[in-house]
Amino acid sequence: MWDASKPAIVFTGSSSIRLWQDLQQRFPENQVLNTGFGGSQCSDLANFLDELILDYNPSKVFIYEGDNDIFAKKRPKEIIQTFDAVLDTLQLRKPGLEVVLISAKPSISRWKFRSRYRRLNKRLQMLADERENVSYVDVWHIMLDKKRLKKNLFISDGLHMNAMGYDLWYTALKDFVTLEE
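Parameters and conventions
Residues numbered from 1 in each chain as written. Predicted model: local features only at pLDDT ≥ 70, side-chain atom pairs only at ≥ 80, totals over all residues. Heavy atoms only, no water. Helix = DSSP H or I, 4+ residues; strand = E, 2+ residues; numbered from the N terminus. Rg over C-alpha atoms; globule rule 2.2 N^0.38 Å. Buried < 20%, exposed > 50% of the residue type's maximum accessible area, 1.4 Å probe, protein only. Pairing = 2+ DSSP bridges. Axes fitted to C-alpha atoms, helices over the stretch in contact; angles between N-to-C directions. Contact = heavy atoms within 4.5 Å. Polar contact = N/O pair within 3.5 Å; in protein donor to acceptor, adjacent residues only side chain to side chain. Core = buried A, V, L, I, M, F, W, Y, C linked by side-chain atoms within 4.5 Å. Expected span 1.5 Å × (residues − 1). Arc of directions from axis to C-beta. Parallel < 35°, antiparallel > 145°, perpendicular 65-115°, else oblique. Left-handed = near helix turned anticlockwise from the far one by under 90°.

Caption draft 1: Structural detail: the overall build of the chain. Scanning the chain from N- to C-terminus turns up eight helices and seven strands. The C-alpha radius of gyration computed for the chain amounts to 15 Å, which stays within 12% of the reference 16 Å derived for 181 residues, consistent with globular compactness. In terms of principal-axis extent, the alpha carbons of the chain reach across some 45 × 35 × 25 Å. Looking at the chain as a whole, 49% of its 181 residues qualify as buried.

Caption draft 2: Expanded view of the sheet that holds strand E5 (residues 134-137). Reading across from one edge, E2-E1-E3-E4-E5 is the order of the five strands in this open sheet, with parallel pairing throughout. Since the sheet does not close on itself, it has two edges, and those belong to strand E2 (31-34) and E5, each with one partner. Pairwise comparison of adjacent strand axes, ignoring direction, gives a mean angle of 20° for this sheet. In this sheet, strand E3 (residues 60-64) lies alongside strand E1 (residues 8-13) in parallel orientation, the contact comprising five bridges. By the bridge assignment for E3, threonine 12 is matched with isoleucine 63. Helix H6 (residues 76-93) rests against E3, strand E4 (98-102) and E5 of the sheet, and its axis sits at about 160° to E4. Sitting on the sheet, helix H7 (residues 114-129) touches E4 and E5, and the angle it makes with E5 is about 150°.

Caption draft 3: View of the side chain of lysine 60. Its location among the elements puts lysine 60 in strand E3. Within polar-contact distance, the side chain of lysine 60 engages the backbone oxygen of phenylalanine 176 at 2.5 Å.

Caption draft 4: Spatial organisation of the nonpolar core. Phe11, Ile53, Ile63, Leu90, Val99, Leu101 and Trp169 are the most contacted members of the largest nonpolar core, which totals 54 residues. Among all residues touching leucine 90, those that are not within four sequence positions of it are Leu49, Ile53, Leu54, Val61, Ile63, Pro95, Leu97 and Val99.

Caption draft 5: Quick look at the pairing of E3. For E3, the buried fraction is high: five of the five residues fall into the buried class. Where E3 and E4 come together, four bridges link them in parallel fashion. Following the sheet pairing, isoleucine 63 is matched in E4 by leucine 101.

Caption draft 6: Quick look at the side chain of serine 16. Within the fold, serine 16 resides in helix H1 (residues 15-18). If we ignore the near neighbours within four places in the chain, the residues touching serine 16 are Tyr64, Lys105, Tyr166 and Trp169.

Caption draft 7: The arrangement of H7 in detail. For H7, with 16 residues, the first-to-last C-alpha span of 22 Å sits near the 22 Å given by 1.5 Å per residue. Tyr117, Leu120, Asn121, Leu124, Leu127 and Ala128 are the residues of H7 that are buried. Seen end-on, H7 carries its buried residues on one side only, within an arc spanning 120°. What points out from H7, more than 90 degrees from its buried face, is the exposed set Lys122 and Asp129. Contacts made by the buried residues of H7 are with helix H5 (67-71), H6, E4 and E5.

Caption draft 8: Structural detail: the packing of H6 against H7. The interhelical angle for the contact between H6 and H7, taken along N-to-C directions, is 30°, at an axis separation of 9 Å. Looking at the two axes, H6 sits roughly parallel to H7. Considering how the two elements wind past one another, H6 and H7 form a crossing that is right-handed. Counting all contacts with H6, which are made through Pro76, Lys77, Ile79, Ile80, Phe83, Asp84 and Leu87, the residues of H7 involved are Arg116, Arg119, Leu120, Arg123, Leu124 and Leu127.

Just distances and angles here, no functional claims.
Here's what the structure looks like:
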C-alpha cells in the first residue's frame, strides 16, 4: 500500500520487474513500489509516465526496459531515442529525480539476440554517463559465467528469472536503492 507521506522508490518496466515479488521485503527501510507490467516496451513507459512513475512522486526510479523492444525487432538506436525522451520528461517534470537504468538481461529464450542486447546496453551506459542524476546498472555480466549464460537462473520458460536470478539482481542494485536524507 502506497503512503504518499513517505518518500517512494519506484521500480518499473517489463515482466522481469513485475515478477520481482519480494522487492519491498528486500528493501524494508524504504517504501518500494513495483509498477512493472508484462510485455512492457520503452514506448509504453513513455506513454504512461504519470501512472507508472510520476503519480507516486518518487525520489528515485529504477527502469528495466529494452528487453521486449529488442524482441519486437526495434533497433537499439530507436529504443535509446525513446529512453532519451522519457528522461527529458522525467527531469523536466521532477527535477532532481534519481533514475537508475537497469541493463537488458540475457536469457535462454532470447540468447540469439545477444549482440543486439549488448549494443543496447552499451548505449544505455552512454546515455546514463551523459546525464545528471542517471545511473546505469549492469545485470548482463553477472548472469554469465565468462561468456556462457547461467541457465540455472531461469524458470522453465527460459525468459523469466527464478529466485537465484533475483538474488543476483538484488546484489547488483542494492547499493543504488538507499535514499539520501
